[in-house]
Every structure is written in structure tokens, then in C-alpha cells.
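# Structural overview for review
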Amino acid sequence: MSTPALTTEEMMVPSEPGIEIYVRNKRPAAMTAFSPARTLLFVHGSTYPAHTTFDLPLGGQSWMESIAARGYDVYCLDVRGYGRSTRPPEMSAAPEANPPIVRTPTAVKDVEAVLRFVLGRRGIPRLNLLGWSWGCTLMATTAIRNPDKVARLMLYAPPFLRTTPSLMATGPGPLGAYRTVTHAQAKTRWLTGVPEHKAAAQIPAGWFEQWSAATWASDPVGGQRNPPVVRAPNGTVADTQEIWSKGQMVYDPAGIKVPTLLVLGEWDRDTPPYMAQALFPLIVNAPDKRLVMLAEGTHTMMLEKNRQALFRAVQAFLDEGAE
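First things first, this report covers the structure right here in the doc. (Residues numbered from 1 in each chain as written. Predicted model: local features only at pLDDT ≥ 70, side-chain atom pairs only at ≥ 80, totals over all residues. Heavy atoms only, no water.)

### Some words on the overall build of the protein chain
For clarity, the threshold we go by: Numbering of helices and strands runs from the N terminus, with a helix taken as a DSSP run of H or I at least four residues long and a strand as a DSSP run of E at least two residues long. Atoms counted for the radius of gyration: C-alpha only. Globule rule: 2.2 Å times the number of residues to the power 0.38. The rule is simple: take the accessible area with a 1.4 Å probe, protein chains only, and divide by the maximum for that residue type; under 20% is buried, over 50% is exposed, in between is partly exposed. Any two residues whose heavy atoms approach within 4.5 Å at even a single point are treated as in contact. Computed with a 1.4 Å probe, the accessible areas rest on the Shrake-Rupley method; for each residue, only the protein chains presented here act as cover.
Of regular secondary structure, the protein chain possesses 10 helices and 10 strands. Taken against the 2.2 N^0.38 rule, which gives 20 Å for 323 residues, the C-alpha radius of gyration of the protein chain at 18 Å falls within 12% of a compact globule. For the protein chain, the spread of C-alpha atoms along the three principal axes comes to 50 × 50 × 40 Å. The buried share among the 323 residues of the protein chain stands at 56%. Intrachain contacts of the protein chain at a sequence separation of at least 6 include 77% that bridge at least 24 residues. Taken as a whole, the protein chain presents about 12600 Å² of accessible surface, with 54% of it coming from carbon and sulfur.

Here it is as C-alpha cells:
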């Protein structure tokens, strides 16, 4: 299909006093009418910002652009402490100087601030939510707290009750305010779980370098270190250690009352398939729900050779709501 011209806008949305949230919007340049079914808000996971993941033009097009080209008004946001949003003051100190920052309830405030902003900006009563990894927890919580403001909920690689070790290594000692990640650590974690004979072809040539360059550039302070690092708040790690790994839930899946899609890759070792399989039957009050597992994909499938399978699965669920 021919790709329409797209418009991109960037803005900072106030969340709490002193906290500004970076938001990016992509939509067809000719779009003049806006509707709940064709409006989408993305949020990222535990470690990397949204704009370098969902709006990275791999092979010439980003996921946001792919959706926008199909007639959608698409937004992404970076939670505080990530990407281009405000960095809490604790991130200017040594990690061990403060306890973990940006726990789930704090991050949900940022998501809700942007949700209200987009609804007001477009004059619509609700929109669609799409979360990746920890972002699934944020979007599920937001949907439960704001049932009248959400049309459809899409959870890509959702975390849930954890019975296996986390890949987010934080080292010995108490959990600090934030952690740091190098390029090498990111790639090792990414390819964990991929069969050895498949690993070399999992990420197309140049894509990891394109993504890592954009992502590490989003943290100018961490980028000055040798080796360069991305700093990520540890609130989500604390949630995993204190709640998910103890058999407790951050949110009640029964509170989800909108059509819901769970989608994941078979080789995901960050949020292994057993998590989505345990979560799915507990979503008892959604009017429609489905669970889709995709072949030869990891936790970061949207940046891999089989990304189009993920795009198609999400797009089909989105388009059903827009029919």
C-alpha cells in the first residue's frame, strides 16, 4: 500500500510539580477528524525509553509510523526518569544514596497525565493503550483506574507472577535508586533464550547499532561514561522483588473491563510465556480477550527480523475496534 505523508509533533506534558513528560505524536498529515478507535498511546518497559523503541525507523519505518500510516493518531511517552522526560533528582546522586525510584504507582501518574492530555487535545472520551513489558503493568493499571477512558488494551510481553530469576541483574547489596546498562549487557540480555544456531540472524544487520545509538543518546549523562551506559530507575525491579516474585499481584486482572490482547514471542526470557498464560484466565471481565504467541521472537521482537508478525497481530486487534 502507498504510505501517506505523516506529521510528527513533540511536546512536554506536566505530570506533577517539577515533572515534565516527553510525548511524541505521529499521524497522517491529512488527518482532521479524531476518534477513540483510531487513537493509540504507547508506553515502554523497565529499561529503555519509548521514543527510541517504538519510533525507530528500522528498514525505513518505525512501529509508530506503521500504525499511523494506517489512519491512526499515535502517541508515545517516556515515563519520568527515562528518555527525554524529567530525571528525578535522585538520578544525579550515586545509586546507593537513595532507595528505588519510580515505582509503578508513580509511573501510572505520568501515564494518566498524558492520557488526559491527549483526550483533551483531541476532544475524544477514550483511546487505546499499548504497553511493552513493565508498560503492560502501567497500562493495565491505567485501564482499571480509568475504565471509561480506555477503548482497547494491548499488552505486549506482559510481566506477571514470577517463578524464574529476572534477567535484570542489579548486583549484590541493597537495591539503589537506579541501575546502569552497557551496550554489551543489553545485547546479551536481548539474545538470552534464542537458540545458538538462530542467534546470528535474529537481529538484522545494523539494527542493534541503530537502536543502541539512539537509546544511549537519550541519556547524555550516562553516555559520558566509559563504557557508555543508560541509567534506568529501579522502581520496577523493586516491584518484581517485593511483589511479583512473592506471589502477589501489582494489579487485579479481574479489574480489566475492556477488550484485551496479550501478545508475546516464544523465546521471551524476560517475561516468559508462563506469565501471559497465567494472566490470561484471570482477565475474567473483559468483553473480549485473546492470547497470541509468535514464533521466533524475544522480549524485544519489535526490533527483530520477525517484527512484522508482531505488528500484524496488534494491528488486527486495533482494526477490529475501528471497524
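### With respect to helix α4 (residues 134-145)
Filter applied, for reference: Expected helix span is given by 1.5 Å per residue-to-residue step, counting one fewer step than there are residues.
For α4, spanning 12 residues, the distance from its first C-alpha to its last is 17 Å, which sits close to the expected 16 Å at 1.5 Å a residue. Across the 12 residues of α4, 10 count as buried, placing the element largely inside the fold. Among the residues of α4, Trp134, Gly135, Cys136, Thr137, Leu138, Met139, Ala140, Thr141, Thr142 and Ala143 are the ones counted as buried. Considering only its buried residues, α4 is in contact with β3 (39-43), α3 (104-122), β5 (127-132), β6 (150-156) and α8 (235-242).

### Thoughts on the pattern of salt bridges
Counted only if it meets this: Salt bridge, as used here: a side-chain nitrogen of Lys or Arg that lies within 4 Å of a carboxyl oxygen of Asp or Glu.
This structure, assessed with the given rule, holds 21 salt bridges. A salt bridge links Lys198 to Glu296, with the shortest nitrogen-to-oxygen separation between them at 3.0 Å. Here Lys198 is found in helix α6 (residues 196-202), whereas its partner Glu296 is found in the loop between β10 (289-294) and α10 (307-322), with 98 residues between them in sequence. Glu320 serves as the salt-bridge partner of Arg290, at 2.8 Å between the closest nitrogen and oxygen. With a gap of 30 residues between them, Arg290 in strand β10 and Glu320 in helix α10 connect regions that are remote in the sequence. The class of Arg290 is partly exposed, set by a relative accessible area of 24%. Each of the salt bridges in this network shares a partner with another, and the network as a whole consists of Glu10, Arg24, Lys26, Asp55, Glu65 and Arg84.

### Side note on the sheet that holds strand β9 (residues 260-265)
Two orientations exist for strands paired in a sheet by backbone hydrogen bonds: parallel and antiparallel. Just so we agree on the cut-off: DSSP-based pairing: two strands are paired if at least 2 bridges between them are found. For helices, the fitted line uses only the C-alpha atoms of the stretch in contact; every axis is such a line through C-alpha atoms, and the angle between N-to-C directions lies from 0 to 180 degrees.
Strand order in the open sheet made by the eight strands is β1-β2-β4-β3-β5-β6-β9-β10, with mixed pairing throughout. Two strands in the sheet have a free side with no partner beyond their single neighbour: β1 (6-14) and β10. In this sheet, adjacent strand axes meet at a mean angle of 20 degrees when their direction is disregarded. Bridge count for β1 against strand β2 (residues 20-28) is nine bridges, and the pairing is antiparallel.

### What about the nonpolar core?
As a reminder of what qualifies: Residues belong to a common nonpolar core when they are buried Ala, Val, Leu, Ile, Met, Phe, Trp, Tyr or Cys residues joined through side-chain atoms within 4.5 Å.
Leu77 and Leu153 are the most contacted members of the largest nonpolar core, which totals 48 residues. At seven residues, α3 tops the list of elements feeding residues into this core. Other than its neighbours up to four places away in sequence, Leu77 contacts Ile21, Tyr22, Val23, Leu41, Phe42, Val43, His44, Ala50, Val111 and Val114.

### Quick notes on helix α5 (residues 183-191)
For the record, the criterion: Taking the helix axis as origin, the arc is that swept by the directions to the C-beta atoms.
Considered for burial, the residues of α5 that qualify are Ala186, Arg189 and Trp190. For α5, the arc enclosing every buried residue in end-on projection is 105 degrees, short of the 170-degree limit, so these residues lie on one face. Turned more than 90 degrees from where α5 packs its buried face, Ala184 and Thr188 sit exposed. Summarising the contacts, the buried residues of α5 are in contact with β7 (178-181) and α7 (207-217). Among the residues trailing α5, Gly193 stands out with phi positive, at a value near 100 degrees.

### Looking at the side chain of Thr52
Its place among the elements puts Thr52 in helix α1 (residues 51-54). In this structure Thr52 touches Trp211, Ala214, Thr215 and Ser218, once residues within four positions along its chain are discounted.

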